[in-house]
Amino acid sequence: MSAATTSNGTEAGREPPMPTMGSPAGPPKFADKYEEREFLKFRLAQALRIFGNIGYDEGVAGHITVRDSVRPDCFWVNPFGLHFALIEAEDLILVDHDGNIQPESGPLKLLNRAAYMIHSAIHKARPDVNCAAHSHGMYGKTFSCMGRELDMLTLDSCAFYTDHSVYKNFGGVVFEAEEGQHIVEALGSKKAVILQNHGVLVASNTVEATLHYYIAMEKACQVQLLADAAAAGRGHETVKVSHEEALYTFKANGNAIGGWFSGQPHFQLLERKEGKKFQFKSSSA
């Protein structure tokens, strides 16, 4: 008998219990779309600074975007040429899906052409995606040279089981809309794609989940590079997680609310260090 499948194409099987004795509240809900815009800008700038603090910068390369709550046909993106660790909400650029920079943008109106080509295609094709991140992290970039998906080696890597893909082409810097479309097609309905000879890209419904899964993907790439090298040195193969257990684990740690919750500590730490938090007004936070 063939196994039943879920809505995202994965096989149905035993369901993991809730990881806590209660449910996390989830992202804040806003009655005022303009307040939500300010929160998303604040959160995006925080995420960019976290990237900068971790060392995900590579010159001027890299970008994170978030869909605008007031105008869903637009997204906010970091300005080209400003270090991740220096970015504040007022520095962000608002751009529509046709590449037009909007007047709400910050003072530095330099738009990374590659960021636009990739992210506009994603935001157009995936209404479920509110945030997408791509940079040239050391381990994701290194692992991308293999042109293969991750092996399910650890509990953490199982967050990407059946939920990442590989773009098996390298078209250079993404200056053309066609290349952005190819990346979107490779991403499909998944949350992550490994861009061969380039790096990784993660897309999800919240800034927090995108940040968490990007960091998790970088670490999964690092673990596999280390494990593959160690196993080869001893003349052995790495031990893989079985399909059933990988799927079970994916359901527990690879979902959207889990990604949002897992991203919280990164922002808590930044807020403690910087001494500033978003000041909510009308929302239930």
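Up top is the structure.
The structure presented is a predicted model; accordingly, all values stated were derived computationally and were not measured.

## Some words on the packing of aromatic side chains
Any pair of aromatic rings gets described here by the distance separating the centres and the angle formed by the planes.
Next up, step 1: The full count for this structure, using the stated rule, is twelve aromatic pairs.
Next up, step 2: Ring centres of Phe39 and Phe280 lie 5.4 Å apart, and the angle between their planes is 35°; this geometry places the pair in the tilted category. Residue Phe39 is located in helix H1 (residues 33-54), and its partner Phe280 is located in the segment after helix H7 (256-274); the two are separated by 241 residues in the primary sequence.
Next up, step 3: On the basis of relative accessibility, which here comes to 33%, the residue Phe280 falls in the partly exposed class.
Next up, step 4: Ring geometry for Phe51 versus Tyr214: centroids 4.9 Å apart, planes at 45°, classification tilted. Of this pair, Phe51 sits in helix H1 while Tyr214 sits in helix H5 (residues 207-233), placing them 163 residues apart in sequence.

## Side note on the pattern of salt bridges
Next up, step 1: Across all of its chains, the model carries 14 salt bridges by this definition.
Next up, step 2: Taking the shortest distance from any N to any O, the salt bridge between Glu36 and Lys33 comes out at 3.2 Å. Here the residue Glu36 and the residue Lys33 both occupy positions in helix H1, the gap between them amounting to three residues, near one helical turn.
Next up, step 3: Overall, the relative accessible area of 18% leaves Glu36 in the buried class.
Next up, step 4: For Lys33, a relative accessible area of 44% translates into the label partly exposed.

## Focus on empty space enclosed by the protein
Next up, step 1: Counted under the stated rule, the structure contains three cavities of 30 Å³ or more.
Next up, step 2: The calculated volume of the largest cavity comes to roughly 90 Å³.
Next up, step 3: Along its surface, the largest cavity is lined by 13 residues, and Gly59, Val60, Ala61, Leu82 and Phe84 are the ones closest to its centre.
Next up, step 4: Looking at the lining of the largest cavity, its residues break down into six nonpolar, six polar and one charged.

Conventions we followed
- Residues numbered from 1 in each chain as written.
- Predicted model: local features only at pLDDT ≥ 70, side-chain atom pairs only at ≥ 80, totals over all residues.
- Heavy atoms only, no water.
- Phe/Tyr/Trp six-rings, centres within 6.5 Å; stacked < 30°, edge-to-face > 60°.
- Helix = DSSP H or I, 4+ residues; strand = E, 2+ residues; numbered from the N terminus.
- Buried < 20%, exposed > 50% of the residue type's maximum accessible area, 1.4 Å probe, protein only.
- Salt bridge = Lys/Arg side-chain N within 4 Å of Asp/Glu carboxyl O.
- 1 Å grid on protein atoms, 1.4 Å probe; cavity = no way out; pocket = protein on both sides within 12 Å on 5 of 7 lines; lining within 4 Å.
- Points joined across faces, edges and corners; volume = space filled by probe spheres on them.
- Nonpolar A, V, L, I, M, F, W, Y, C, P; charged D, E, K, R; others polar.

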